[in-house]
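# Architecture and fold: a report
So you can see what is in the structure, the chains are spelled out below.
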Amino acid sequence: MPKVLLVVGHPDLSRSKANKALVDAVRELAHVTVHDLYATYPDFRIDVDAEQALLAEHDVVVFQHPVFWYNTTPLFKQWQDSVLTLGWAFTMDGSASRLAGKKAVVAVTAGVPADHYTPEGSNQATIETLLSNWHATLRLCQFDIQPMVKLYGTAFGLSGEDLAAAAKQYNELLASFAA
Ligand SMILES: Cc1cc2nc3c(=O)[nH]c(=O)nc-3n(C[C@H](O)[C@H](O)[C@H](O)COP(=O)(O)O)c2cc1C
């Protein structure tokens with residue numbers, strides 16, 4: 001059965017509403033490994049070998065985080081810088097990386113509602129445009145990039161019912177990778 005690694009980059013899941021709800025919705029799936037970066041590395045000292053071993057033994061990688069200033073969170077950026085090394089995560093000679101062909105999903109929560117993430121909205125761009133560095137990074141690493149999971153309005157606008165529906169959809173998506 002394909003194995004899913006859910007890498008979570010929330011600074012404190014115990015104080016989270018949205019990211020915690022998403023993680024809790026998939027925690028019990030047998031083929032899903034939840035990897036909480038901030039809980040694992042409170043000192044920001046990332047064990048690169050352990051991280052690469054985790055990536056190598058999974059078929060699907062989900063990168064989940066709240067949007068902070070149109071970007072990922074600081075430890076997740078450090079994780080990218082440390083773990084995605086030349087010759088392992090990406091190559092420059094056209095040869096296959098160790099991540100080639102694995103499915104990748106970026107799953108983000110954003111404070112403001114979806115209409116802010118349009119060319120006409122307050123952010124004047126879609127969330128895919130603003131987070132396009134994720135796409136470029138995953139493409140260079142030769143991942144098979146899946147559509148982004150987006151949960152908007154976590155600071156205002158998102159009802160309890162909306163959050164429950166998003167959590168259910170997330171469960172269904174990650175469950176679907178077991179097939
Ligand atoms: C430092 C910081 C920066 C943020 N930047 C953004 C942002 O650029 N865009 C946005 O939509 N929300 C932004 N937010 C709101 C967070 O995305 C929101 O708090 C988060 O999705 C809530 O998730 P949680 O319930 O799991 O903590 C920011 C929040 C913080 C603390």
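Scroll up a little and you will see the structure.
Residues numbered from 1 in each chain as written. Predicted model: local features only at pLDDT ≥ 70, side-chain atom pairs only at ≥ 80, totals over all residues. Heavy atoms only, no water.

### Quick notes on a nonpolar patch on the surface
On the surface, Leu86, Met92 and Leu140 cluster together to form a nonpolar patch covering roughly 320 Å² of accessible area. If you trace the backbone, Leu140 turns up in helix α6 (residues 132–140). Classification of Leu140 by relative accessible area gives partly exposed; the value is 33%. (Patch = residues over 30% accessible without salt bridge, like charges linked within 9 Å, V, L, I, M, F, W, Y side chains within 5 Å. Areas by Shrake-Rupley, 256 points an atom, 1.4 Å probe, with all protein chains shown as cover. Salt bridge = Lys/Arg side-chain N within 4 Å of Asp/Glu carboxyl O. Helix = DSSP H or I, 4+ residues; strand = E, 2+ residues; numbered from the N terminus. Buried < 20%, exposed > 50% of the residue type's maximum accessible area, 1.4 Å probe, protein only.)

### With respect to helix α4 (residues 74–83)
Structurally, the α-helix is built with 3.6 residues per turn, so residues lying three or four positions apart point the same way. Every buried residue of α4 is accounted for by Leu75, Phe76, Trp79, Gln80 and Val83. All buried residues of α4 fall inside an arc of 150° around its axis, so they share one side. Next to the buried residues of α4 lie β1 (4–8), α2 (37–40), α3 (48–56), β3 (60–66) and α6. (Arc of directions from axis to C-beta. Contact = heavy atoms within 4.5 Å.)

### Here's the deal with the nonpolar core
In terms of nonpolar packing, the biggest core is built from 33 residues, with Leu55, Phe63, Trp79, Leu99, Ile127 and Phe143 touching the most fellow members. Going through the elements one at a time, β1, α2, α3, β3, α4, β4 (103–109) and α6 are the ones with two or more residues in this core. Considering each element in turn, this core owes the most residues, four residues, to α4. Ignoring anything within four residues of it in the chain, the contact list for Ile127 reads Val67, Val108, Ala110, Tyr117, Met148, Lys150 and Tyr152. (Core = buried A, V, L, I, M, F, W, Y, C linked by side-chain atoms within 4.5 Å.)

### Things to note about the environment of Gly160
Relative to the elements of secondary structure, Gly160 occurs in helix α7 (residues 160–176). When its relative accessible area of 52% is taken as the criterion, Gly160 is described as exposed. Spatially, the C-alpha atom of Gly160 lies 26 Å from that of Ala30, the residues being 130 residues apart in sequence.

### What to know about the environment of Asn171
Tracing the backbone shows Asn171 in helix α7. Spatially, the C-alpha atom of Asn171 lies 9.1 Å from that of Asp24, the residues being 147 residues apart in sequence.

### Observations concerning the site of the ligand
Around the ligand, the structure places 16 residues, and the nearest of them are His10, Ser16, Asn19, Thr109 and Tyr117. In this structure, an oxygen atom belonging to the ligand sits 2.8 Å away from a main-chain N or O atom of Ala18. Take Tyr70: an N or O atom from its main chain is 2.9 Å from an oxygen atom of the ligand. (Near = heavy atom within 4 Å. Polar contact = N/O pair within 3.5 Å; in protein donor to acceptor, adjacent residues only side chain to side chain.)

### Some thoughts on the pairing of β4
For β4, the tally of buried residues reaches six of seven residues, placing the bulk of the element in the interior. Pairing of β3 with β4, which is carried by seven bridges, proceeds in the parallel orientation. Along β4, the bridge assignment pairs Phe63 with Val106. Of the crossover connections in this fold, the one passing from β3 over α4 to the parallel β4 is right-handed. As paired strands, β4 and strand β5 (residues 144–145) are joined by two bridges and run parallel to one another. Paired with Lys103 across the strands is Asp144, a residue of β5. With three bridges joining them, β4 and strand β6 (residues 149–151) adopt parallel strand pairing. (Pairing = 2+ DSSP bridges. Right-handed = clockwise from strand over helix to strand, strands pointing away.)

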